[in-house]
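Observations on the model geometry
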Amino acid sequence: MADIAADGYVPERDESGALTTVDGTPLKISLRKSQRRAKRRAFYLVVPLLAFLFITFTIPIVGMIVRSVYNPEVANYLPETSAAIGDWDGEELPPEKVFAAMAADMEVGLENRTIGRAAGRINREIPGARSLVMGTARHVDEMQPPYREAFLEEDEDWSDLELWRLLKRETRLITPAYYLLALDFEYTPRGDIVERPEIYQVYRLLFIRTAWMSIVITGACLLLGYPVAHLLATLPLRTSNLLMILVLLPFWTSLLVRTSAWMVLLQQEGVVNDLLVWAGIINDNGRIRMIYNQLGTIIAMTHILLPFMILPLYSVMKTIPPSYMRAARSLGANQFTAFVKVYMPLTIPGLAAGVLLVFILAIGYYITPALVGGESGIFISNLIASNMQGTSAQLKLASALATILLVLVLFFYWLFNKLVGVDRLKFG
Amino acid sequence: MKRTLSLMAAVAIVPSMALAAEGDSLTIVSWGGAYTMSQEKAYHEPYSEKTGTQILREDKSANALAGIRSQVEAGNVTWDVVDMLQADAQRACDEGLIMEIPHDEWLAPGPDGAKPTEDFIDGTLGDCFIPQILYATMFAYNEEAFPDGGPKTVADVWDLEKFPGTRSLQKIPQKNLEWALIADGVPADEVYEVLATREGQDRAFAKLDEIKDNVIWWSEGAQPPQMLADQEAVIATAYNGRIFNAQVNEDQPFKIMWDHQMFEVDGWVVPVDQSEDDLKLIKDYLYFATDTQRLADQAKYIAYAPARKSSVPLVGKMEGTDIDMKPHMPTTPENFETAVQFDTSFWADYGDQLEERFNAWLAQ
């Protein structure tokens, strides 16, 4: 009779002896039902957030990934040609029906003003193809069959087999071409994959540079941030509050202001160089270039990302009782051993959180490298941006680069999870 | 659920409000700085005064093609009139992103009744393009940096010993590659022929390599005058109007080197997918803003040459001063002697490839 409460309450039971509610439903089911109701209510509360995330996060990312492989220009804007070229073997000039189909496509494309898009796509791989296509398209309404002869008469470049092979390759709606470009490979008209000529190679270099510079920046933040966080956590409240404000003030200052401040300080006619010249350490013609290069990016970004290292470290260090260190000392460890063996391991959740935060923020950074990086200090994000602007904007290449960057970040996250374990992180 | 519904209602209201506001205003995209100000004075202000239409300015022309492309692709065109280079306009036109313009139907005739297609300077009209001005890009320098006389030719710009100091060039391959070849001794009329070959491209990049370490790159037209003023650079490529503006309004000791100036045409385009009301407003604005007097008026505020023949005799003195504008025009004979016309069709064909190579060259 252990379940009889002190006030003499006797719980209801059904025939099998299981607990029930007053109306006779088994307690288990009733409980499950009420829990389900609570869960549903909770779900409704987060629906707006989920919808928001779906619209602003999931859809654009899926759109970006789709865009990076979707290749509709030739298939959609030269439909007849795409159909006719399918069974051409690629070894000699295509038959008349391909040329006739091209003529028909050009007439429609000229009318709808879509021919330029197809021409633009081909021109990316064969310079000069735009003029060839556009020039012929303008006269196509005066042409008489046989079109093959008419095309060749208009411009003998139509006999270029590479052009036709490229057209055939481009009829596929899905293409790996942009991912290959993003890794400095190219896709020949025949469909082979070869490395690009060295004069065009840039993206691999930039991915690698972005990764190692982010590692350097993270390391610098750790070296500078750890002692500061330790001081903040151990000093008396009055002093540490003041220090905390010194950490937070720049954190609250606009990113642009902080970056511009570094420009004022570091440029060749800037404050630091002026001081060095004034002190006689360098002469006026030997001013040091500290900005618009990698050094500038590293200095400015370390400064900007430092609070993201200090704050999680501080919040973890604050919870470590000072008595642990005293205990270690009284058990015979010297200050150094006690610090390394006792204190440091306890700070790892904050340290790991700081490292992860700073590294992932750094690897996708755009504005600071753009302003102070010059040419040698820019990141992959700057090249993504430059592929989205200007006359030769390549949105698809930009999408492919951005997708690779996303995968890279996920990879680092996975690696980090393996090494440290994300569930151990403490962000504050 | 109620909350979600009202949220959806709120979202639905926003676009309809935007539509209502667009009725009596025009969004005009241009280059910013002194150039936009000259348009403001010569076109926008008189037009607003006359019709009450509000002009919303956006300084996005540096990215006009990409901007129009993404607006058209997204089916949400918010720009009404866009100031664009002729080369970009040709491309946007081929891609069907901007409207074809029947010039004689849309635009004002010349004062003597000449049809617009005859009144605009030959070779400047495009299927989808209304020219406004001819402008030059050329080298300019700060006279203070060269007390014994500055560079006189493009080859001098490459002479780091005689004219030491940082150069500032625009961060695009266009024009820089042409000048590199000219500095390397290629005659101006063969530049594009040479640049179309792989050897010619190698030669141009090798020439740029010679000064690469002494170059800082600019991307906005307002930067080079600023860099020259701060002596962050001693020689810079710039748009002639910007340098004129700094010379006159800021009294800067700048000198333009007209040797092998490269001239281009700049003008208006209209993105596709405009509503009927908007289009009416746009046509009305363009009729007003591109007539003979308005184009001549613009030359009062900036040293770019009007694109209508009938405007040329009307170019006079700069507004509020007695500076005669004619010697500052790129088209004045002594400035025009070695001028090279920027070849938009060459760049339409080779731009993709050369821009890629240029970007890789910069980052290496």
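Residues numbered from 1 in each chain as written. Chains lettered and ligands numbered in written order. Predicted model: local features only at pLDDT ≥ 70, side-chain atom pairs only at ≥ 80, totals over all residues.

An unreviewed UniProt entry lists chain B under the name Putative spermidine/putrescine transport system substrate-binding protein, from Afifella marina DSM 2698.

The name an unreviewed UniProt entry assigns to chain A is Putative spermidine/putrescine transport system permease protein, from the organism Afifella marina DSM 2698. Taken from UniProt, the Subcellular location (unreviewed entry) comment for chain A reads in full: "Cell membrane". (UniProt positions renumbered as here; feature names shortened; annotations may be inferred.)

The helix and strand inventory of chain B stands at 16 helices and 10 strands. On C-alpha atoms alone, chain B measures out to a radius of gyration of 22 Å, which is about the 21 Å that the 2.2 N^0.38 rule sets for 364 residues. Here the C-alpha coordinates of chain B stretch approximately 70 × 55 × 40 Å along the principal axes. Out of the 364 residues belonging to chain B, those deemed buried represent 48%. Sequence separation of 24 or more characterises 73% of the internal contacts of chain B that already satisfy a separation of 6 or more. (Helix = DSSP H or I, 4+ residues; strand = E, 2+ residues; numbered from the N terminus. Rg over C-alpha atoms; globule rule 2.2 N^0.38 Å. Buried ≥ 20, exposed ≤ 12 C-beta atoms within 10 Å, placed from the backbone. Contact = placed C-beta atoms within 7 Å.)

Looking now at the overall build of chain A. Scanning chain A from terminus to terminus reveals 19 helices and two strands. Here chain A has a C-alpha radius of gyration of 33 Å; the compact-globule value for 428 residues is 22 Å, and the former is much larger. Dimensions of chain A along its principal axes, counting C-alpha atoms only, are 100 × 95 × 35 Å. Of all 428 residues assigned to chain A, the portion counted as buried reaches 32%. A separation of at least 24 residues holds for 64% of the contacts in chain A among residues at least 6 apart in sequence.

Residues and elements named next belong to chain B. Formed by 100 residues in total, the largest nonpolar core has its most connected members in Val81, Ala89, Ala92, Ile98, Cys128, Ala140 and Val269. Here this core takes nine residues from strand β4 (residues 130-142), the largest share from any one element. Residues from two domains meet in this core; each of domain 1 (2-134 + 266-323) and domain 2 (135-265 + 336-363) gives at least three. Residues contacting valine 81, with those up to four places away along its chain left out, are Leu26, Ile28, Trp268, Val270, Ile282, Tyr285 and Leu286. (Core = buried A, V, L, I, M, F, W, Y, C linked by C-beta atoms within 7 Å. Domains from an automatic or database assignment.)

This part is about the pairing of strand β2 (residues 54-58) of chain B. Two faces make up the sheet, and in a regular strand the side chains alternate between them. Residues and elements named next belong to chain B. With five bridges connecting them, strand β1 (residues 25-29) and β2 associate as parallel partners. Bridge assignment links leucine 26 to a residue of β2, and that residue is isoleucine 55. What joins β1 to β2 is helix α2 (residues 33-51), and the crossover it makes is right-handed. (Pairing = 2+ DSSP bridges. Right-handed = clockwise from strand over helix to strand, strands pointing away.)

In this section: the interface of chain B and chain A. Each partner contributes to the interface: chain B provides 29 residues, whereas chain A provides 33 residues. Of all the secondary-structure elements, those providing two or more residues to the side of chain B that touches chain A are α1 (2-22), α3 (64-74), α4 (86-94) and α16 (344-363) of chain B. Counting residues per element, the side of chain B that touches chain A draws most heavily on α16 of chain B, at 14 residues. Counted by class, the side of chain B that touches chain A contains nine nonpolar, eight polar and 12 charged residues. (Nonpolar A, V, L, I, M, F, W, Y, C, P; charged D, E, K, R; others polar.)

Residue and element names in this part refer to chain A. The positions that UniProt labels "transmembrane region" (unreviewed entry) are, in the present scheme, residues 42-66, 211-235, 242-265, 295-317, 338-360, 366-385 and 397-416. Annotation note: span residues 242-265, helix share 92%, strand share 0%, distance between end C-alpha atoms 25 Å. Helix makes up 60% of residues 366-385 and strand 0%. Its end C-alpha atoms lie 8 Å apart.

Okay, the domain arrangement of chain A next. Split into domains, chain A comes out as domain 1 (1-52), domain 2 (73-174) and domain 3 (203-424). Measuring from the centre of the C-alpha atoms in domain 2 of chain A to the corresponding centre in domain 3 of chain A gives 52 Å.

Attention now moves to helix α11 (residues 237-252) of chain A. Taking 1.5 Å as the rise per residue, α11 of chain A with 16 residues should run 22 Å; its terminal C-alpha atoms sit 21 Å apart, in good agreement. Counting buried residues in α11 of chain A gives zero out of 16 residues, a small share hidden from the surface. (Expected span 1.5 Å × (residues − 1).)

Residue and element names in this part refer to chain B. According to the domain assignment, chain B consists of domain 1 (2-134 + 266-323) and domain 2 (135-265 + 336-363). For domain 1 and domain 2, the distance between their C-alpha centroids amounts to 29 Å. Taken together, the contact pairs 22 residues of domain 1 with 16 residues of domain 2. When residues of the side of domain 1 that touches domain 2 are traced back to their parent elements, those giving at least two are α2, α4, β4 and β8 (254-269). The element best represented in the side of domain 1 that touches domain 2 is α4, accounting for four residues. The class makeup of the residues in the side of domain 1 that touches domain 2 is 15 nonpolar, five polar and two charged.

Counting all residues, the mean pLDDT for chain A is 89, and 97% of those residues have values of 70 or more. Taken element by element, the predicted model of chain A shows its lowest mean pLDDT in helix α6 (residues 129-139) of chain A (86) and its highest in helix α10 (residues 203-234) of chain A (95). (pLDDT = per-residue confidence, 0-100.)

Here we take up the confidence of the model for chain B. Residues and elements named next belong to chain B. On average, chain B scores 88 in pLDDT, and the residues at 70 or more come to 94%. The secondary structure element of chain B with the lowest average pLDDT is α1, at 42, and the one with the highest is helix α8 (residues 176-183), at 97. pLDDT under 50 marks residues 1-22. Its contacts with residues more than four places away, or in other chains, come to four contacts. Complex prediction metrics read pTM 0.77 and ipTM 0.75.

Look at the link from proline 145 of chain A to proline 146 of chain A: it is a cis peptide, with omega at 0°. For proline 146 of chain A, the location among the structural elements is in the loop between α6 and α7 (147-154). Its identity as a non-glycine residue notwithstanding, aspartate 273 of chain B has a phi of 65°, on the positive side. Looking at the element boundaries, aspartate 273 of chain B is found in the loop between β8 and α13 (276-289).

All names here are of chain B. Structurally, the position occupied by leucine 107 is in the loop between α5 (103-106) and α6 (116-119). Residue classification places leucine 107 among the buried positions, given that 24 C-beta atoms sit within 10 Å. Taking the C-alpha atoms as reference points, leucine 107 and alanine 34, separated by 73 residues in sequence, lie 25 Å from one another.

What follows covers the environment of leucine 235 of chain A. All names here are of chain A. Relative to the helices and strands, leucine 235 resides in the loop between α10 and α11. Separated by 122 residues in sequence, leucine 235 and arginine 113 place their C-alpha atoms 71 Å apart. Residues within four places of leucine 235 in sequence aside, it is in contact with Ser240 and Leu243.

With that settled, consider the packing of α10 of chain A against α11 of chain A. Two quantities define a packed helix pair, namely the angle between the helix axes and the distance between the axes. All names here are of chain A. Remark: α10 packs on α11, axes separated minimally by 8 Å, with the N-to-C direction vectors making an angle of 145°. For the pair α10 and α11, the crossing hand works out as left-handed. Taking contact as the criterion, the partners of Val228, Leu231 and Leu232 in α10 are, on α11, Ser240, Leu243, Met244 and Val247. Its residues assigned to classes, the contact of α10 with α11 shows six nonpolar, one polar and no charged. (Axes fitted to C-alpha atoms, helices over the stretch in contact; angles between N-to-C directions. Left-handed = near helix turned anticlockwise from the far one by under 90°.)

For helix α12 (residues 255-266) of chain A, which comprises 12 residues, the first-to-last C-alpha distance of 17 Å matches the rise-based estimate of 16 Å (1.5 Å per residue) to within 8%. Buried positions along α12 of chain A lie against α13 (271-278), α14 (294-317) and α17 (367-372) of chain A.

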